[in-house]
Amino acid sequence: KAGVTQTPRYLIKTRGQQVTLSCSPISGHRSVSWYQQTPGQGLQFLFEYFSETQRNKGNFPGRFSGRQFSNSRSEMNVSTLELGDSALYLCASSFRAGTDGYTFGSGTRLTVV
Amino acid sequence: DQQVKQNSPSLSVQEGRISILNCDYTNSMFDYFLWYKKYPAEGPTFLISISSIKDKNEDGRFTVFLNKSAKHLSLHIVPSQPGDSAVYFCAAWAGTASKLTFGTGTRLQVTL
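All values derive from a computational prediction rather than experimental measurement. (Residues numbered from 1 in each chain as written. Chains lettered and ligands numbered in written order. Predicted model: local features only at pLDDT ≥ 70, side-chain atom pairs only at ≥ 80, totals over all residues. Heavy atoms only, no water.)

Draft legend 1. The sheet that holds strand β1 (residues 5-7) of chain A, seen in detail. All names here are of chain A. Spatially, the four strands line up as an open sheet ordered β1-β3-β8-β7, and their pairing is antiparallel. Lying at the two open borders of the sheet, with one neighbouring strand each, are β1 and β7 (64-68). For this sheet, the mean inter-axis angle between neighbouring strands, taken without regard to orientation, is 15 degrees. Direction of pairing for β7 relative to strand β8 (residues 74-78): antiparallel, over a ladder of five bridges. Within the sheet, the bridge partner assigned to Arg-67 lies in β8 and is Glu-75. (Pairing = 2+ DSSP bridges. Helix = DSSP H or I, 4+ residues; strand = E, 2+ residues; numbered from the N terminus. Axes fitted to C-alpha atoms, helices over the stretch in contact; angles between N-to-C directions.)

Shown next as structure tokens:
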């Protein structure tokens, strides 16, 4: 079966711009979570959506937002980009969250210049 | 507040020897723990997990040990192989509908 698909794989944006990243989960998975990975910081949790509802949110500023559609596909948006937003953004899906574990996509590498 | 900590950023082990990766946590509500492995330019992949009702779980060359009183878990890889060279993340769950909290990762290098 197809895995978690994230698009685009690479992105270069200028400070102040906004960006939208997309994630298509594994078919049948209803939970989608987003993480930011930066060197030395591990994977920082952004938010989780389950059946189109945001269920959990991490400690990121309001410039980071997301949504989930009825087909479980998810998007995250970052407005007014800052240099520090340069990171690998990972999306993970699971059937119901919890002990099922997550299946991750390959990520979107965002570079802000 | 880093609730899941991996204090060793890197580890180098010879091929055939044992690799031991450590993880400490502070949140006593965590009841399920997972290890993920990550290669560059790829997303993390699930390796092995353990419930808080157990103290050991084994899967082939990989064994995870949990010491709840010390809030410590470790991943043992025996024997280590060059293909095991990757970044390993420890993660913890505090029950259904909670987020999965990750540590900062340990880069394992298995040398010939």
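More follows now that the structure is in view.
Draft legend 2. Structural detail: the layout of surface pockets. Approximately 420 Å³ is the volume attributed to the largest pocket. Lining the largest pocket are 21 residues, and of these Gln37(A), Pro39(A), Val87(B), Phe89(B) and Arg107(B) lie nearest its centre. Of all elements in the fold, only β4 (31-38) of chain A together with β9 (86-93) and β11 (106-111) of chain B reach the threshold of two or more residues within the lining of the largest pocket. The leading source of residues in the lining of the largest pocket is β9(B), at three residues. (1 Å grid on protein atoms, 1.4 Å probe; cavity = no way out; pocket = protein on both sides within 12 Å on 5 of 7 lines; lining within 4 Å. Points joined across faces, edges and corners; volume = space filled by probe spheres on them.)

Draft legend 3. Inspection of the interface of chain B and chain A at higher detail. Residue-level contacts link 18 residues of chain B with 21 residues of chain A. Surface buried jointly by chain B and chain A totals about 1600 Å² across both partners, of which 61% is contributed by carbon and sulfur atoms. Viewed at the interface, chain A and chain B are joined by four residue pairs in polar contact (both at pLDDT 80 or more). Secondary-structure elements contributing two or more residues to the side of chain B that touches chain A are β4 (32-38), β9 and β10 (100-102) of chain B. Considering every element that reaches the side of chain B that touches chain A, the biggest residue donor is β4(B), with four residues. (Contact = heavy atoms within 4.5 Å. Buried area = accessible area lost by both parts, 1.4 Å probe. Polar contact = N/O pair within 3.5 Å; in protein donor to acceptor, adjacent residues only side chain to side chain.)

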